[in-house]
Amino acid sequence: MKYDRIDNQLYIKNRSKFVHRMKANTLAVFNSNDIFPISADSTMPFQQHRDILYLSGVDQEESILVLFPDSKNNAHREVLFLKETSDLIAVWEGEKLTKQAAFEVAGIKTVYWLEQFPVIFKQMMAEAEGIYVNTNEHLRASTEVETREDRFIKKVKVDYPSHQVHKSAPIMHKIRSVKEAIELELMQRACKITEAGVRRLLKFIKPGVWEYEIEAELAHEFLINRSKGFAYTPIVASGKNACVLHYIENNKQCLDGDVILLDVGAEYANYASDLTRCLPVNGKFTPRQKDVYNAVLRVKKGAEAMLVPGAMMAEYHKEVGKLMESELLGLGLIDKTDIQNQNPDWPAYKKYFMHGTSHFLGLDTHDVGLWNEPISAGMVFTCEPGIYIPAEGLGIRLEDDLVVQESGKPFNLMKDIPLEADEIETLMNEK
Ligand code: GLY
Ligand code: MN
Ligand code: MN
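Notes on the structure in this doc start here. (Residues numbered from 1 in each chain as written. Chains lettered and ligands numbered in written order. Predicted model: local features only at pLDDT ≥ 70, side-chain atom pairs only at ≥ 80, totals over all residues. Heavy atoms only, no water.)

## Let's talk about the coordination of the manganese ion (ligand 3)
When a metal holds four donors in a tetrahedron, each ideal angle between them is 109.5 degrees; when it holds six in an octahedron, the ideal angles are 90 or 180 degrees.
(1) Moving on: With distances of 2.1 to 2.2 Å, the protein atoms coordinating the manganese ion (ligand 3) are Asp274 (OD), His359 (NE2), Glu384 (OE) and Glu399 (OE).
(2) Moving on: For the manganese ion (ligand 3), the 6 donor atoms in the first shell make angles of 51 to 157° at the metal, so the coordination geometry reads as irregular.
(3) Moving on: Taken in sequence order, the residues that donate to the manganese ion (ligand 3) follow the motif D-x84-H-x24-E-x14-E.
(4) Moving on: Taken as a pair, the manganese ion (ligand 3) and the manganese ion (ligand 2) show a spacing of 3.3 Å, with Asp274 coordinating each metal. With His359 in the loop between α12 (336–340) and β12 (380–383) and Glu384 in the loop between β12 and β13 (386–389), this residue pair connects regions lying 25 residues apart in the sequence.
(5) Moving on: For Glu384, a relative accessible area of 9% translates into the label buried. (Donors = N, O, S within 2.8 Å, 3.2 Å for Na, K, Ca; no water. Tetrahedral: all angles 85-135°; square planar, octahedral: opposite > 155°, others 65-115°. Helix = DSSP H or I, 4+ residues; strand = E, 2+ residues; numbered from the N terminus. Buried < 20%, exposed > 50% of the residue type's maximum accessible area, 1.4 Å probe, protein only.)

See the structure below:
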């Protein structure tokens, strides 16, 4: 791990939030992710499952967390099962958590080696009436790959057919969406690393530079700041490429007169930052580019002010749609007839702004959260309106990360990252 040790009070508190929502005499199991193979003996870099991470801080493969608050055996109220290590194993396989180190990371006293899991889990299940399993219920999740959680769930249903099965997901989505102060500090640090990357680019970008050179500058800045890299696949899209929402090739040359859309964010300690900025390749926006830029900026400012406790996401998205409609009328991109004839399920503004304005942000970039419950303080959302005009080879999106506060406007974790068009031009032209 490149990040500094995190105070285990975070995990102690997170577990307490989960267990207080469990039914009587049940246990809950959380599995780590697998290390995914490439071919031959190559593997992809490890990415921990965010739920076991959130509840324990264990950032290591082949790990299992069991929570059983009503166990008659005090030692079994919270248990970690980890891949066995020793001084000898460490020489061959590298450093893994010892039982003492796991206690320090997670604040969990009972740590067994993974090979003990079947026997101890059987004892625990004999005592429990039900089990919480951790299915992936993210609305956008779609994967062909069977995870360690999936394999565990299949097996437990076969091995223990008479236990009641409950879902961890709704609890995890609720508790993960409201961030603790320690988490907000980590997210702020991720945003600060992203800021360092952007400031580097303001001096680096000029006509003729290649999109991948920009990606490389960011990667360098992120890694020297203890990030393991991009929180999500970076989008470095110049000119018309910016109109391809998931453009990730990043292999074109940036031309004089183009605007470049950068949807890039560093991770820190597995927390994501998610930023979009649009920069003129030659350091100066044309009047038309600036008009579109400022239209998006006005929508963003209006939208941010609506991210307050009690607001409902569905209603918020409708209101942002109205702001965008008015800006598109002003830019001459749609007219009153388009609006009169529009399909209510796909309003006219969607021709130029076809994605959502905000999503939860946290350990996952598109973080878990309950979309149909009111927004509350401590939630973190992106705000990212955009206008995409393929006919003009121009796409503008502006995105910041915002913490909802008890009262007033949200706190912008990216408030120090240049945003106003004039400020960007000034910084790009500084010698
Ligand atoms: N970068 C992904 C997103 O903005 O949602
Ligand atoms: Mn983004
Ligand atoms: Mn986003």
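## Here's the deal with the sheet that holds strand β8 (residues 259–264)
(1) Moving on: Read from one edge of the open sheet, 3 strands run β7-β8-β11, paired in antiparallel fashion. The strands lining the two open edges of the sheet, one partner per strand, are β7 (235–238) and β11 (275–280). Pairs of neighbouring strands in the sheet enclose a mean axial angle of 15°, with direction left out of account.
(2) Moving on: Where β8 meets β11, 6 bridges bridge the pair, whose relative direction is antiparallel. Looking across to β11, one finds that Ile260 is bridged to Leu279.
(3) Moving on: On top of the sheet, helix α9 (residues 211–223) reaches β7 and β8; it is set at about 145° to β7, its chief contact. (Pairing = 2+ DSSP bridges. Axes fitted to C-alpha atoms, helices over the stretch in contact; angles between N-to-C directions. Contact = heavy atoms within 4.5 Å.)

## So, the environment of Pro161
(1) Moving on: Residue placement: Pro161 occurs in the loop between α6 (148–159) and β6 (164–167).
(2) Moving on: Residue classification places Pro161 among the exposed positions, given a relative accessible area of 66%.
(3) Moving on: It is 22 Å that separates the C-alpha atoms of Pro161 and Pro69, two residues lying 92 residues apart in sequence.

## Remarks on the coordination of the manganese ion (ligand 2)
(1) Moving on: Taken together, Asp263 (OD), Asp263 (OD), Asp274 (OD) and Glu399 (OE) make up the protein donors of the manganese ion (ligand 2), found 2.0 to 2.6 Å from the metal.
(2) Moving on: Here the manganese ion (ligand 2) binds 6 donor atoms, and the angle range of 55 to 169° at the metal identifies the geometry as irregular.
(3) Moving on: Each donor residue of the manganese ion (ligand 2) belongs to the same chain, and together they define the spacing D-x10-D-x124-E.
(4) Moving on: The exposure class of Asp274 is buried, given its relative accessible area of 3%.

## Observations concerning the pairing of β7
(1) Moving on: Neither face of β7 is left uncovered, since the one carrying Ile235 and Ala237 and the one carrying Val236 and Ser238 both have all their residues buried.
(2) Moving on: For β7 and β8, the ladder comprises 4 bridges, and the chain directions are antiparallel. Looking across to β8, one finds that Ala237 is bridged to Leu261.

## A few points about the packing of helix α10 (residues 287–304) against helix α11 (residues 313–330)
(1) Moving on: Closest axis-to-axis distance for the α10/α11 pair is 10 Å, and the angle between their directions is 155°. In terms of orientation, α10 and α11 fall into the roughly antiparallel class. The hand of the α10/α11 crossing is right-handed. Contacts between α10 and α11 involve Ala295, Arg298, Val299, Gly302 and Ala303 from the former and Tyr316, Val320, Leu323, Met324 and Glu327 from the latter.
(2) Moving on: By residue class, the composition of the contact of α10 with α11 is 7 nonpolar, 1 polar and 2 charged. (Parallel < 35°, antiparallel > 145°, perpendicular 65-115°, else oblique. Left-handed = near helix turned anticlockwise from the far one by under 90°. Nonpolar A, V, L, I, M, F, W, Y, C, P; charged D, E, K, R; others polar.)

## Some words on the nonpolar core
(1) Moving on: Core analysis: the largest hydrophobic core is formed by 111 residues, its most contacted members being Phe18, Tyr293 and Ile387.
(2) Moving on: With 8 residues, the top contributor of residues to this core is helix α8 (residues 181–204).
(3) Moving on: Apart from the residues within four sequence positions on either side, Tyr293 is in contact with Cys278, Phe285, Ile396, Leu398, Leu419, Ala421 and Ile424.
(4) Moving on: Among the nonpolar cores identified, the runner-up in size contains 21 residues, and Val66, Phe81, Ala128 and Ile131 belong to it. (Core = buried A, V, L, I, M, F, W, Y, C linked by side-chain atoms within 4.5 Å.)

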